[in-house]
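Results of the structural survey
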Amino acid sequence: MAAAFSSHLPALQVVLALLAAPLCVVLRRPGAAWMIATVITWALLAIAMVLLGRVLETGTITYALGSWPAPWGIEYRIDLANAFVLVLVTLIGSVVMPYARASIPAEIEEPRIYLFYCMYLLNLAGLLGIAITGDVFNLFVFLEISSLSSYVMISLSRDRRALVAAYRYLIMGTIGATFYIIGVGMMYQVTGTLNMVDLATLIPNLTDNRTVMVALAFLCVGLSLKLALFPLHLWLPNAYAYAPSAVSAFLASTGTKVAVYALARILFTVFGGSVLIDDFGLQELLVVLAVAAMIGGSAVAIYQSNVKRLLAYSSIAQIGYMILGLSMASVIGMTAGLVHLFNHALMKGGLFMVMGCVFFRLSSVQVEDMEGLAKRMPLTMAAFVAGGFGLIGMPLTAGFISKWHLIQAALEKGWWGAVAVILVSSLLAVIYIWRVVEAAYFKPPPKGAAEISEAPLSMLVPMWVMIGMSYYFGIDATLTLDITTGAAETLLGGIQ
Amino acid sequence: MGFMAVIGFAVARLRNLFAVVMLTGLFSLTAAVLYVILDAVDVAFTEAAVGAGISTVLMLGTLALTSSEERVEKSGGSKWALVLVVVTGCVLVYGTLDMPPFGDPTAAIHHHVAPYYLEKSGQEIGLPNVVTSVLASYRGYDTLGEVFVIFTAAIGVLLIIGRPQFGRRRSHRMLVGELHESMRTNVILRVGSKLLIPVILLFALYVQWHGDFGPGGGFQAGVIFASGFILYALIFDIDTARTMIPARTTRLFLVFGVLLYTGVGVAGLFLGGNFLDYSVLAANPVSGQHLGILLVEFGVGLTVAAAMISIFFTFAHQEH
């Protein structure tokens with residue numbers, strides 16, 4: 001039986017989460033729902049690892065849903081690029097879930113918790129569905145599942161502002177999804193197919209077709225809204241700032257990352273990447289926006305007094321790094337972008353978990369409330385410093401690896417300006433991290449501050465696991481670099 | 001098309017949200033007519049049931065909870081927004097320039113995937129309605145995804161506003177209040193609806209089980225079935241309607257529908273096929289496909305109906 005199921009792992013990667021979500025609704029008990037969500041996430045991580053191993057061994061895996069061969073049916077198509085994203089998403093989920101057990105009840109009202117886990121599982125299924133599929137319409141369907149569930153998860157916080165933030169995200173996200181589907185519709189109109197491999201053989205011959213050009217524009221704008229590329233990032237800061245901490249940690253490290261992957265998939269696999277280099281200045285446009293995001297995001301982050309908002313603006317800057325890497329359309333640039341996607345997910349996930357621990361004890365994430373916190377919550381604040389080093393890009397951290405490769409890629413292209421921007425943005429990161437560190441370590445606690453102790457162990461351990469991983473992959477990056485180089489070659493090499 | 005554009009302008013200009021909701025319903029109805037002209041009857045059916053029917057009712061429900069007048073705020077952004085919208089519109093029109101002309105038999109869509117469906121679905125699936133074959137079998141996984149989208153939406157509404165213990169107990173009685181009083185005493189409405197509701201429910205069942213042969217299927221049937229109930233709740237008594245289908249029952253159906261659909265897919269796995277492979281469900285692949293499609297469409301219908309009813313009651317029951 002086990003052997004029979006192993007060939008169905010691509011389907012199970014998504015379907016297990018889909019099956020588990022309604023089960024949470026039936027069980028109606030927060031503990032049981034948490035248990036299901038955690039076990040399923042771990043199982044999905046195991047599946048993703050097995051799939052990644054198989055792709056490394058034997059190359060691309062395809063799976064025909066309903067046994068209908070593509071392009072008539074929908075196919076799952078797993079190569080290095082998306083196997084890597086599948087592992088990332090499930091890995092983050094697996095670390096966040098144990099953390100959520102203590103964190104979620106502190107921030108969401110008890111009668112709603114079991115439905116929250118249902119939403120989380122749907123979100124996970126949506127993100128995995130986007131990453132795994134080889135069909136542009138199927139991608140849209142799972143984009144909808146993941147988007148709807150993230151709006152709901154963000155709005156669940158006790159902070160009323162979360163509702164407005166989620167509503168704003170809903171409007172922007174819906175526009176993004178609509179733009180994406182308009183693009184898909186136009187592609188279908190001129191090619192008659194929705195399958196990515198099929199499109200990849202047809203679209204590159206049609207690049208002077210005006211409908212295809214407009215389709216590309218709509219796809220890019222739609223996905224850029226989802227990945228919060230400057231200037232389409234306006235939904236992100238508040239959404240991440242007011243969402244429950246575990247949700248911020250999970251979404252910040254997975255949601256935008258999967259959208260970055262989807263954009264890369266559309267640009268490089270479907271459109272063959274040539275659109276970037278040849279025509280209508282798409283490459284220049286992406287570079288300019290990425291640079292603006294890197295400087296703008298970091299600069300605005302400095303002025304934030306809500307640390308979760310600060311981290312959110314920093315995310316916008318970090319997304320700029322990834323897009324800069326992708327827009328180079330070279331193996332080393334793409335590798336840098338993808339490896340940063342992974343490394344940033346670990347660092348930012350860890351940092352948002354730190355803020356969850358702070359909120360758990362302090363019920364606030366304002367810088368001024370965190371004064372003198374290092375004495376009272378030494379382990380938590382040490383994790384913030386460690387994660388902050390990663391964002392700055394100090395050697396030994398994962399952030400250093402990605403920035404190092406990004407700078408090399410820029411030098412290879414002779415883009416000296418980009419190198420300067422990377423350095424300036426890193427300096428800005430020093431400032432915004434320092435503001436928090438200064439408050440926590442060098443200021444006395446405010447008078448009459450309540451006695452608080454360290455966050456519970458069940459939150460500290462996952463937090464340090466996340467931060468620890470970002471150091472592990474900073475010290476020994478061969479594994480991540482090997483995989484992302486392979487993924488970059490796959491994306492750039494077209495369909496094998 | 002011109003009519004749709006006029007309605008679009010009216011929706012943007014009008015400040016009375018009640019009228020806006022009615023116009024969006026009209027917009028959907030016009031769109032549905034357009035789809036019929038384009039020979040896409042299944043799409044037209046869905047548009048009419050969802051766009052003109054249920055979403056209008058839900059938007060009315062929202063108005064009942066909030067207010068029906070829009071607050072106009074002067075903001076400098078609107079000029080730029082207009083420019084942005086016009087640019088987007090121009091880009092869209094520009095994109096149509098290289099589209100194949102309407103009804104062009106040489107267009108790519110008629111030559112790539114579609115001919116296979118038209119030629120082979122007869123042997124492989126054996127249903128007269130090719131649209132159902134494509135939706136429920138060839139692209140059945142997308143449909144499963146769509147059902148999960150609806151499931152997510154329903155659970156989301158339950159989560160956000162269906163807060164039994166924590167709801168702010170403001171009076172939201174417009175829907176079940178004033179409006180309701182006038183409806184309850186209106187004999188024509190009462191008698192008319194009593195005549196109509198059984199027919200609506202029966203029609204829903206017909207659409208559900210006849211989707212294999214004619215236009216229709218689980219989505220439309222679910223929506224029609226739900227609108228029958230909602231009509232009853234609007235005109236008679238919301239509490240009686242609720243006792244007929246208690247929250248637990250809708251929730252159960254909501255879950256059961258998606259589990260049925262996914263379960264059929266998983267059954268395919270156990271019987272040696274791929275996920276959602278219906279051919280292995282019976283000895284003969286064609287009857288397996290029939291069985292599979294019937295079951296998944298039933299799952300769709302259950303979840304959609306339960307989702308619509310539960311969303312409506314969550315809105316209407318804010319204060320109970």
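Residue numbering note: each chain is counted from 1, following its sequence as written. For this description, chains carry letters from A and ligands carry numbers from 1, given in the order in which they are written. For this predicted model, a pLDDT threshold of at least 70 governs which residues receive local features, and a threshold of 80 or more governs which side-chain atom pairs are given and counted, while totals over whole chains, interfaces and linings are taken from all residues. Just so you know, side-chain values use all the structure's heavy atoms and leave hydrogens and water out.

1. Remarks on the overall build of chain A
Secondary structure elements are taken from DSSP: a helix is a run of H or I of four residues or more, a strand is a run of E of two residues or more, and numbering for both begins at the N terminus. Looking only at helices and strands, chain A has 21 helices and two strands in total. Taken against the 2.2 N^0.38 rule, which gives 23 Å for 496 residues, the C-alpha radius of gyration of chain A at 21 Å falls within 12% of a compact globule. Principal-axis analysis of the C-alpha atoms gives chain A an extent of 70 × 55 × 40 Å. A buried classification covers 66% of the 496 residues belonging to chain A. Residue contacts are counted whenever heavy atoms from the two residues lie within 4.5 Å of one another. In chain A, the proportion of contacts linking residues at least 24 apart, taken out of those at least 6 apart, comes to 80%. Areas reported as accessible are Shrake-Rupley estimates using a 1.4 Å probe. Residue values count occlusion only from the protein chains shown. Taken as a whole, chain A presents about 15,300 Å² of accessible surface, with 68% of it coming from carbon and sulfur. With 25 positive and 24 negative side-chain charges, chain A shows a spacing of 11 Å between the two charge centroids. With the radius of gyration taken over C-alpha atoms, the globule rule is written as 2.2 Å times the number of residues to the power 0.38. Relative accessibility decides the category of a residue: with a 1.4 Å probe and only protein chains considered, values under 20% of the type maximum give buried, values over 50% give exposed, and everything between is partly exposed. Working convention for charge: Lys and Arg count positive, Asp and Glu count negative, and His plus the chain ends are omitted. To locate a charge, the coordinates of NZ of Lys, CZ of Arg, CG of Asp or CD of Glu are taken.

2. Considering the packing of helix α1 (residues 2-13) of chain B against helix α2 (residues 17-37) of chain B
A pair of packed helices can be characterised by two numbers: the angle between their axes and the separation between those axes. Residue and element names in this part refer to chain B. Axis definition: a line fit to C-alpha positions, over the contact stretch in the case of helices; interaxial angles, taken between N-to-C directions, run 0 to 180 degrees. Relative to each other, α1 and α2 sit at 165°, their axes nearing to 10 Å. Classed by the angle they form, the pair α1 and α2 counts as roughly antiparallel. α2 is crossed by α1, and the crossing has left-handed handedness. For the pair α1 and α2, contact is made by Phe3, Met4, Ile7, Gly8, Ala10 and Val11 and by Val20, Leu23, Thr24, Leu26, Phe27, Thr30, Ala31 and Leu34, respectively. If an angle is under 35 degrees, it is roughly parallel; if it is over 145, roughly antiparallel; if it lies from 65 to 115, roughly perpendicular; otherwise it is oblique. Should the near helix be turned anticlockwise from the far one by less than a right angle, the crossing is left-handed, and should it be turned clockwise, the crossing is right-handed.

3. Details of the interface of chain A and chain B
Of the residues lining the interface, 65 residues belong to chain A; the matching set on chain B comes to 53 residues. Together, the buried faces of chain A and chain B total about 5,400 Å²; carbon and sulfur atoms form 70% of this surface. Take the accessible area each of two parts loses on contact, using a 1.4 Å probe, and add the two losses: that sum is the buried area. When the buried area of chain A at its contact with chain B is split by residue, Trp68(A), Trp72(A) and Arg210(A) rank highest and sum to 15% of it. Salt-bridge detection follows one rule: a side-chain nitrogen of Lys or Arg within 4 Å of a carboxyl oxygen of Asp or Glu. Our enumeration of links across chain A and chain B arrives at one salt bridge. Across the salt bridge formed by Arg139(B) and Asp135(A), the nearest N and O atoms sit 2.7 Å from each other. Think of a polar contact as two N or O atoms within 3.5 Å of one another; within protein, one of them needs to be a possible hydrogen donor and the other a possible acceptor, and neighboring residues in sequence only count if both atoms come from side chains. The tally of links from chain A across to chain B stands at 14 residue pairs in polar contact (both at pLDDT 80 or more). Among the elements that line the side of chain A that touches chain B, the one with the most residues is helix α6 (residues 136-155) of chain A, at 10 residues.

4. Focus on the packing of aromatic side chains
Each aromatic pair joins two rings of Phe, Tyr and Trp (for Trp, the six-membered one) with centres within 6.5 Å, and gets the label stacked for planes under 30 degrees apart, edge-to-face for over 60, and tilted for any other angle. A full pass over the atoms with the stated rule returns 24 aromatic pairs over all chains. Seen from their ring centres, Tyr76(A) and Tyr141(B) are 5.5 Å apart, and the 85° between their planes marks the pair as edge-to-face. Residue Tyr76(A) is located in strand β2 (residues 75-78), and its partner Tyr141(B) is located in helix α7 (residues 140-160); the two belong to separate chains. The same class applies to Tyr76(A) as to Tyr141(B), namely buried. With a centroid separation of 4.8 Å and 45° between ring planes, the pair formed by Tyr117(B) and Tyr138(B) is classed as tilted. Pair noted here: Tyr117(B) is in helix α5 (residues 114-124) and Tyr138(B) is in helix α6 (residues 130-138), with a separation of 21 residues, a long-range link. A relative accessible area of 1% places Tyr138(B) in the buried class. Members of the aromatic cluster, connected to one another through ring pairs, are Tyr151(A), Tyr169(A), Trp235(A), Tyr240(A) and Phe352(A).

5. Considerations on the pattern of salt bridges
The full count for this structure, using the stated rule, is six salt bridges over all chains. Across the salt bridge formed by Glu75(A) and Arg77(A), the nearest N and O atoms sit 3.8 Å from each other. For Glu75(A), a relative accessible area of 9% gives the class buried. According to the relative accessible area criterion, Arg77(A) is buried, its value standing at 15%. Ionic pairing is found between Asp142(B) and Arg139(B), a salt bridge with its closest N-O pair at 2.7 Å. For Asp142(B), a relative accessible area of 3% translates into the label buried. Its relative accessible area of 11% is what places Arg139(B) among the buried residues. Via salt bridges that share partners, Asp135(A), Arg139(B) and Asp142(B) belong to a single interconnected network.

6. Focus on helix α11 (residues 245-270) of chain A
An α-helical turn contains 3.6 residues, so any two residues separated by three or four positions project in the same direction. Residue and element names in this part refer to chain A. Expected span of a helix: the number of residues minus one, times 1.5 Å. Taking 1.5 Å of rise per residue, the 26 residues of α11 would be expected to cover 38 Å, and the 36 Å separating its terminal C-alpha atoms lies within 8% of that figure. Most of α11 is tucked away: 25 of the 26 residues are buried. Phi for Gly272, located one or two positions after α11, is positive at around 70°.

7. Brief notes about a nonpolar patch on the surface
The grouping of Leu427(A), Val430(A), Ile431(A), Trp434(A), Tyr441(A) and Phe442(A) at the surface amounts to a nonpolar patch, some 600 Å² of accessible area in total. Residue placement: Leu427(A) occurs in helix α19 (residues 416-442). To count toward a patch, a residue needs a relative accessible area above 30% and no salt bridge. Like charges then connect within 9 Å, nonpolar side chains (Val, Leu, Ile, Met, Phe, Trp, Tyr) within 5 Å.

8. Let's talk about the nonpolar core
Of all hydrophobic cores here, the largest spans 265 residues; its most connected members are Tyr117(A), Phe384(A), Tyr141(B), Phe151(B) and Phe275(B). At 18 residues, helix α4 (residues 80-107) of chain A tops the list of elements feeding residues into this core. The domain limits used here are those given by an automatic or database domain assignment. Residue assignment places this core across two domains, with domain 1 (1-71) and domain 2 (128-320) of chain B each supplying three or more. The contact partners of Tyr117(A), leaving out residues within four places of it in the chain, are Cys24(A), Pro30(A), Ala33(A), Trp34(A), Ala37(A), Met97(A), Ala100(A), Arg101(A) and Ile104(A). Take the buried Ala, Val, Leu, Ile, Met, Phe, Trp, Tyr and Cys residues and link them wherever side-chain atoms come within 4.5 Å; each set so joined is a nonpolar core. Core analysis: the second largest hydrophobic core is formed by five residues, Ile200(B), Ala204(B), Val207(B) and Ile224(B) among them.

9. Things to note about the domain arrangement of chain B
Residue and element names in this part refer to chain B. You can read the domains of chain B as domain 1 (1-71) and domain 2 (128-320). Contact with domain 1, which involves 13 residues of that partner, is made by 21 residues of domain 2. Of the roughly 1,500 Å² buried where domain 1 meets domain 2, counting both sides, 80% is carbon and sulfur surface. On inspection of domain 1 and its partner domain 2, the count reaches zero salt bridges. Each residue gets one of three labels, nonpolar for Ala, Val, Leu, Ile, Met, Phe, Trp, Tyr, Cys and Pro, charged for Asp, Glu, Lys and Arg, and polar for the others, Gly among them. Tallied by class, the residues present in the side of domain 1 that touches domain 2 amount to nine nonpolar, three polar and one charged.

10. A closer look at the pairing of strand β1 (residues 61-64) of chain A
Residues and elements named next belong to chain A. The alternating pattern of β1 places Ile61 and Tyr63 on a buried face and Thr62 and Ala64 on a face that is not buried. Pairing geometry for β1 and β2, over four bridges, is antiparallel. Pairing of Ile61 across the sheet is with Ile78, part of β2. Paired strands, in this sense, are two strands between which DSSP finds at least two bridges.

11. Some details on the confidence of the model for chain B
Residue and element names in this part refer to chain B. On average, residues of chain B score 79 in pLDDT, and 87% of them reach the 70 mark or higher. Mean pLDDT across the secondary structure elements of chain B bottoms out at helix α8 (residues 178-185), with 58, and peaks at α7, with 89. Complex prediction metrics read pTM 0.90 and ipTM 0.90. pLDDT runs from 0 to 100 and stands for how confident the predictor is about each residue.

12. Remarks on the environment of Asn238(A)
Residues and elements named next belong to chain A. Looking at the secondary structure, you find Asn238 in helix α10 (residues 236-242). Taking the C-alpha atoms as reference, Asn238 lies 8.1 Å from Ala312; in sequence the two are 74 residues apart. Apart from the residues lying within four places of it in its own chain, the contact partners of Asn238 are Ala165, Arg168 and Arg309.

13. Examining empty space enclosed by the protein
All names here are of chain A. We place a 1 Å grid over just the protein atoms. Points where a 1.4 Å probe fits but has no way out form a cavity, open points with protein on both sides within 12 Å along at least 5 of 7 lines form a pocket, and any residue with an atom within 4 Å of a point lines it. Grid points are joined across faces, edges and corners, and a volume is the space filled by probe spheres set on the points. A full pass over the atoms with the stated rule returns five cavities of 30 Å³ or more. In this structure, the largest cavity spans a volume of roughly 180 Å³. Lining the largest cavity are 18 residues; nearest its centre among them are Leu127, Ser146, Tyr169, Lys226 and Gly255. Breaking the lining of the largest cavity down by element, the ones donating at least two residues are α5 (113-132), α6, α9 (210-227) and α11. In this structure, the second largest cavity occupies an estimated 60 Å³ of space. Lining the second largest cavity are 10 residues, with Arg77, Gly134, Met196, Arg265 and Thr269 sitting closest to its centre. For the lining of the second largest cavity, the secondary-structure elements that each account for two or more residues are α8 (196-202) and α11.

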